[in-house]
Amino acid sequence: MVAFGVKSRSHDKGMRPTWQFGDVYGLDPELLSMVPRPVCAVLLLFPVTEKYEAFKHEEEEKLKGQPQGVSPDVYFMKQTIGNACGTIGLIHAVANNQKHLEFEPDSPLKKFIVQTSKMASEEKAAFLEKDESIRVTHESSAQEGQTEAPSVDEKVNLHFIAFVNVGGQLYELDGRKPFPIVHGKTSEDTLLEDAVEVCKVFMARDPQEVRFTIIALSKDSY
C-alpha cells in the first residue's frame, strides 16, 4: 500500500523515476535489508490519537526553551490546508534531497521548492494555498493510492510526517508542529534504520494501534 498516492504524486509533480517511494514491510533487520538503497527520506503515516496529541503538546513546551540547533539548510513548512499532510510530507522529503533527485524541466514541484526556499515556514504554507499546480495535482493523484484519500474538509485522524538527513542530523518534519525536531546523528547509510527507531517510539506510544505505514524514498535498483 502506498497511502494517499504518494508514489504517483511524485511523478505527477515532475520527479524523474530514478528515485522511488516504496513500502517498508517490516521493522526487523531482514525486512529492512530488502529496501533498495540508498534511502534519502522516510515517510511515516500514523494515527493522531489523544496520547499522541498529549505528547506533542508536552514536546513543544519542552523544546520552546531548549534550542535544538536546527540547520538553516533544513527546508520546513507549516501545514494550513486540511488533509494535505501527504503533499507536505512529499515536499519535505524532496526539498531536503535536491542534490540526489532529478526533475523534469517543467516540474511544478521543483518550481515550488525554488520559489519558496528562502521563505519562512508560514510563508511557504500560504504560498502552497495559492499554488494551483501543486494543489490540483494533490486533488487528482490523491485518489490513486490504495488507501482512499479524504476530501480537503473531511475530518481525518491519520497524518504523514517525513524524516530526512540534513548535515548528518536526523530531522522529523511535521507541518502540524511549529519547528523541525532533531533526533540526533544519522548518515546516508543509516538513515532508514535511524528513522525506523523513531517510528518504533510512535508505535510504542499507542500499542493498541495498527494503522502505521512506513514509506522509503530510495534509489531505483532497476
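About the cut-offs
Residues numbered from 1 in each chain as written. Predicted model: local features only at pLDDT ≥ 70, side-chain atom pairs only at ≥ 80, totals over all residues. Heavy atoms only, no water. Axes fitted to C-alpha atoms, helices over the stretch in contact; angles between N-to-C directions. Helix = DSSP H or I, 4+ residues; strand = E, 2+ residues; numbered from the N terminus. Left-handed = near helix turned anticlockwise from the far one by under 90°. Contact = heavy atoms within 4.5 Å. Buried < 20%, exposed > 50% of the residue type's maximum accessible area, 1.4 Å probe, protein only. Lys, Arg positive; Asp, Glu negative; His and termini not counted. Salt bridge = Lys/Arg side-chain N within 4 Å of Asp/Glu carboxyl O. Polar contact = N/O pair within 3.5 Å; in protein donor to acceptor, adjacent residues only side chain to side chain.

### Points about the packing of helix H5 (residues 108-116) against helix H6 (residues 121-130)
- Where H5 meets H6, the axes come as close as 10 Å, and the angle between the chain directions of the two elements is 140°. For the element pair H5 and H6, the recorded crossing hand is right-handed. Contact residues: H5 offers Phe112, Gln115 and Thr116, while H6 offers Lys124, Phe127 and Leu128.

### Here's the deal with the side chain of Arg205
- Mapped onto the elements, Arg205 comes out in helix H8 (residues 191-205).
- In this structure, Arg205 is buried with no salt-bridge partner, the nearest side chain bearing the opposite charge being Asp206 at 6.0 Å.
- The contacts of Arg205, once residues within four sequence positions are left out, are Lys51, Tyr52 and Phe55.

### A few points about the side chain of Asp174
- Within the secondary structure, Asp174 is located in the loop between strand E4 (169-173) and strand E5 (181-185).
- Salt bridges are absent for the buried Asp174, whose nearest opposite-charge side chain, Lys177, sits at 4.7 Å.
- For Asp174, the side chain forms a polar contact with the side chain of Tyr52, separated by 3.3 Å.
- Excluding residues that lie within four positions of it along the chain, Asp174 makes contacts with Tyr52, Phe76, His92, His159 and Ile161.

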